[in-house]
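Examination of the molecular architecture
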Amino acid sequence: MPDRLAAAPKLVWQDDHFTVLFDAPLRVIWTVRSCKPFASLEELEAVMGELIGVLDRLGRSHHALFIDVRAVPGRNDPSFEATMKRVRPQWLRGFRRVGVLVQSVVGALQIQRLARDDGIERLITSDEAALLRYLTQEG
């Protein structure tokens, strides 16, 4: 969960797969992924559709996106990858800055591969404090 540099972020939305938190003073939105795997591609698409809608309602251009994927179970089957390739840009685009918090070097390498694939710049690290500093920088 986020460092407590300011008031606690507000819970905006939650399901079995994601928690969305919003810190208005810091202008940071957190999407925290749980360890629960998606049961089907249909469930993945439905959940991502809801998540994208929540982020759209919060607004993107004035906020940074903090993605915490430390608990995510690894998955890279072709159908899952194809679905995520389609929905990932809708999840990440439009934010001032994007950062991804990973648990391991393997996780960082996976996210780097995806970043090259979708062309959306992001900081990838296992250092939560450094990521929050990056996301709250102006410019």
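An account of the accompanying structure is given in this report.

Observations concerning the pairing of strand β4 (residues 64-68)
When you tally the buried positions in β4, you get five out of five residues, the bulk of the element. Because side chains alternate across β4, one face comprises the buried residues A64, F66 and D68, and the other comprises L65 and I67, equally buried. Inspection of the sheet shows strand β3 (residues 28-33) paired to β4 by five bridges, in the parallel sense. By the bridge assignment for β4, V28 is matched with A64. Taken together, β3, helix α1 (residues 41-58) and β4 form a β-α-β motif whose crossover is right-handed. Here β4 pairs with strand β5 (residues 98-101) via four bridges, running parallel. Paired with D68 across the two strands is L101, which belongs to β5. In this region the chain leaves β4, passes through helix α2 (residues 78-92) and returns to the parallel neighbour β5; the handedness of that crossover is right-handed.

Observations concerning the environment of E45
Mapped onto the elements, E45 comes out in helix α1. A relative accessible area of 36% places E45 in the partly exposed class. For the pair E45 and T83, spaced 38 residues apart in sequence, the C-alpha to C-alpha distance is 7.5 Å. The contacts of E45, once residues within four sequence positions are left out, are T83 and R86.

Section: the side chain of H17
Relative to the elements of secondary structure, H17 occurs in the loop between β1 (10-14) and β2 (18-23). In this structure the side chain of H17 is engaged in a polar contact, spanning 3.1 Å, whose partner is the backbone oxygen of K36.

Focus on the layout of surface pockets
Put simply, the largest pocket is a space of about 690 Å³. Surrounding the largest pocket, 29 residues form its lining, V69, V72, P73, Q110 and I111 being those nearest its centre. Every element with two or more residues in the lining of the largest pocket is listed here: α2 and α3 (105-118). Sort the elements by how many residues they give to the lining of the largest pocket and α2 lands first, with six residues. Classifying every residue of the lining of the largest pocket gives 17 nonpolar, six polar and six charged.

Quick notes on the rules
Residues numbered from 1 in each chain as written. Predicted model: local features only at pLDDT ≥ 70, side-chain atom pairs only at ≥ 80, totals over all residues. Heavy atoms only, no water. Buried < 20%, exposed > 50% of the residue type's maximum accessible area, 1.4 Å probe, protein only. Helix = DSSP H or I, 4+ residues; strand = E, 2+ residues; numbered from the N terminus. Pairing = 2+ DSSP bridges. Right-handed = clockwise from strand over helix to strand, strands pointing away. Contact = heavy atoms within 4.5 Å. Polar contact = N/O pair within 3.5 Å; in protein donor to acceptor, adjacent residues only side chain to side chain. 1 Å grid on protein atoms, 1.4 Å probe; cavity = no way out; pocket = protein on both sides within 12 Å on 5 of 7 lines; lining within 4 Å. Points joined across faces, edges and corners; volume = space filled by probe spheres on them. Nonpolar A, V, L, I, M, F, W, Y, C, P; charged D, E, K, R; others polar.

Shape is all these values report; function is a separate question.
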